[in-house]
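These are the residues of each chain, in order.
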Amino acid sequence: MKVISVVGARPQLVKLAPIAAAFAKSDHEHVIVHTGQHYDADLSDVFFSGLGIPDPDVHLGVGSGSHGLQTGAVLTALDPVLERERPDWVLVYGDTNSTIAAALSAVKMHLPVAHLEAGLRSFNRRMPEEHNRVLTDHCADLLLAPTEEAMRHLANEGLAHRARLAGDVMVDICLRIRDAVLAGEHPAPVLPEGIDPAEPFLFATLHRPDNTDDPERLAALVESLAKLPLPVALAAHPRLVARAAEHGIKLTQGNLHVGRPLPYAGLVAAVLASAGVVTDSGGLQKEAFLLERVCTTVRPETEWVETVGTGWNVLVPDPHLLSSEEWAATVTRTAPDADPGIPYGDGHAAENVVRIMEDWEGGSRRA
Ligand code: UD1
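Residues numbered from 1 in each chain as written. Predicted model: local features only at pLDDT ≥ 70, side-chain atom pairs only at ≥ 80, totals over all residues. Heavy atoms only, no water.

The next point concerns the sheet that holds strand β5 (residues 113-116). Strand pairing in a sheet relies on backbone hydrogen bonds, with the paired strands running either antiparallel or parallel. Taking strand neighbours across the sheet as the criterion, the seven strands line up as β3-β2-β1-β4-β5-β6-β7 in an open arrangement whose pairing is parallel. The open sheet has two edge strands with one neighbour each: β3 (58-59) and β7 (163-165). Pairing of strand β1 (residues 2-7) with strand β4 (residues 89-93), which is carried by four bridges, proceeds in the parallel orientation. Among the inter-strand pairings, Ser-5 is bridged to a residue of β4, identified as Leu-91. Across the sheet, helix α15 (residues 349-359) is in contact with β1, β4, β5, β6 (142-145) and β7; its angle to β6 comes to roughly 160 degrees. (Pairing = 2+ DSSP bridges. Helix = DSSP H or I, 4+ residues; strand = E, 2+ residues; numbered from the N terminus. Contact = heavy atoms within 4.5 Å. Axes fitted to C-alpha atoms, helices over the stretch in contact; angles between N-to-C directions.)

Quick look at the structure:
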């Protein structure tokens, strides 16, 4: 079979790595289309080189813009590619504007669509990602769910007949890179100036529009990070840097030290070296969980509820509304005794994905 993977943003490149490796071991044809939603080398190129992903076969070069502009640009650019390639499957990943655009382009051409990481829900309708994932699930033919919880959400929405439990491909890559980092196969990560890796530090990221786009909120969150009792290494996403500059908010202040986004192995190494993680990223919450570091998530809810149940992840939507002591105590808490279990699978999800796609007949519109 011929499968086209459409990716565009950093978390999709991480998921693509184990999928591309699994297809490389099969006799299927796997074509990679990069939409160009993320174009900075830090968010894109280093993931291809660092994770051994083959170069994209097609690059759409859409770049940044409003949601409508970005989504529309992917749709416009992808139509002729899918028309030419006529794949057996279009595989879309996660919840970005590239995901929904690729799914829409494909279904309207009657090309079967498989959605990797289907069934995740935050139930927060302010998040652009929530609309992207819900709409993609409802138009896709095959829903590849990472967890039992995701399977339940799909069943609740009447989509059980199109859903299969595949496990989480991020476990595949995270554990593989963890082992390589621990074996000394990767150079030490480039941490921000002011962070001494030999001393305890926290690792942080912040990029969700709900946290970055309102200047008052962003200033309050930055202050909360700056007053933590340990040095904080902030790997700053371009959205954060752009919004902070726009609103005149200084990111390097107090205990907060700012650096560039890290390549994947650098991120895994930084989390392993850290005393804990503070983030609003979906992927990083789970990576902290898999790497057994406590995580504090600056959001009112999470799609990865399994990380919260055992206490490895704690949600703090408004750190600036807590006392400094309570905030510090939460972030620097000791790791729970509870066994985290393996809610995200055993690290063989990508192979499951290939097998499920090979076997699938139910949702195909090819007939
Ligand atoms: C996107 C995804 C989000 C994912 C995140 C991971 C959507 C709606 N959001 O959010 O689900 O968690 O990627 O990073 O698709 N920018 C650059 N260089 C780049 C990319 C972006 O400077 O390479 C800047 C642009 O100014 C842009 C801003 O960052 O306005 C936001 O980029 P965008 O792709 O809209 O969303 P992300 O916040 O990255």
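Lining the immediate surroundings of the ligand are 20 residues, of which Gln-37, His-38, Asp-40, Asn-97 and Arg-239 lie closest. Here an oxygen atom of the ligand sits 3.3 Å away from a polar atom, N or O, in the side chain of His-207. A total of 750 Å² of accessible area belongs to the ligand in isolation, and the protein chains cover 88% of it. The set of elements that each furnish at least two residues to the shell around the ligand consists of α3 (67-85), α5 (128-139) and α10 (238-246). Class assignment for the residues of the shell around the ligand results in five nonpolar, ten polar and five charged. Both of domain 1 (2-168 + 345-359) and domain 2 (177-331) provide at least three residues apiece to the shell around the ligand. (Near = heavy atom within 4 Å. Polar contact = N/O pair within 3.5 Å; in protein donor to acceptor, adjacent residues only side chain to side chain. Areas by Shrake-Rupley, 256 points an atom, 1.4 Å probe, with all protein chains shown as cover. Nonpolar A, V, L, I, M, F, W, Y, C, P; charged D, E, K, R; others polar. Domains from an automatic or database assignment.)

Within this structure, the stated rule accounts for two aromatic pairs. Aromatic pair Phe-289 and Tyr-344: ring centres 5.7 Å apart, planes at 85 degrees, arrangement edge-to-face. Within this pair, whereas Phe-289 is found in helix α12 (residues 282-290), its partner Tyr-344 is found in the loop between α14 (324-331) and α15, the two being separated by 55 residues in sequence. The burial state of Phe-289 is the same as that of Tyr-344; both residues are buried. Note on Trp-304 and Tyr-344: the rings are 5.5 Å apart at their centroids and 75 degrees apart in plane angle, and the pair reads as edge-to-face. Linking Trp-304 in the loop between β12 (295-297) and α13 (306-309) with Tyr-344 in the loop between α14 and α15, this pair joins segments that are 40 residues apart in sequence. Here the two residues Trp-304 and Tyr-344 agree in accessibility, since each one is buried. Members of the aromatic cluster, connected to one another through ring pairs, are Phe-289, Trp-304 and Tyr-344. (Phe/Tyr/Trp six-rings, centres within 6.5 Å; stacked < 30°, edge-to-face > 60°. Buried < 20%, exposed > 50% of the residue type's maximum accessible area, 1.4 Å probe, protein only.)

Close contact between helix α7 (residues 169-182) and helix α11 (residues 264-273) brings their axes to 9 Å; oriented N to C, the two are set at 70 degrees. Judged by the angle between their axes, α7 and α11 are roughly perpendicular. Listed contacts from α11 to Met-170, Ile-173, Cys-174, Ile-177, Arg-178, Val-181 and Leu-182 of α7 are Tyr-264, Ala-265, Val-268, Ala-269 and Leu-272. The residue inventory of the contact of α7 with α11, partitioned by class, reads eleven nonpolar, no polar and one charged. (Parallel < 35°, antiparallel > 145°, perpendicular 65-115°, else oblique.)

The final tally for this structure, using the stated rule, is zero disulfides. The thiol of Cys-174 is not disulfide-bonded; the next cysteine sulfur, from Cys-295, is found 12 Å away. (Disulfide = S-S within 2.5 Å.)

We now examine the UniProt feature "domain: UDP-N-acetylglucosamine 2-epimerase" (unreviewed entry) in the chain. With numbering aligned to this structure, UniProt lists the feature "domain: UDP-N-acetylglucosamine 2-epimerase" (unreviewed entry) at residues 26-358. In the segment residues 26-358, helix accounts for 41% and strand for 14%; the C-alpha atoms at its two ends are 11 Å apart. (UniProt positions renumbered as here; feature names shortened; annotations may be inferred.)

With nine of ten residues buried, α11 lies mostly within the body of the structure. Within α11 the residues assigned to the buried category are Tyr-264, Ala-265, Gly-266, Leu-267, Val-268, Ala-269, Ala-270, Val-271 and Leu-272. Along its buried surface, α11 packs onto α1 (10-24), α2 (45-50), α7, β8 (202-204), β11 (276-279) and α12.

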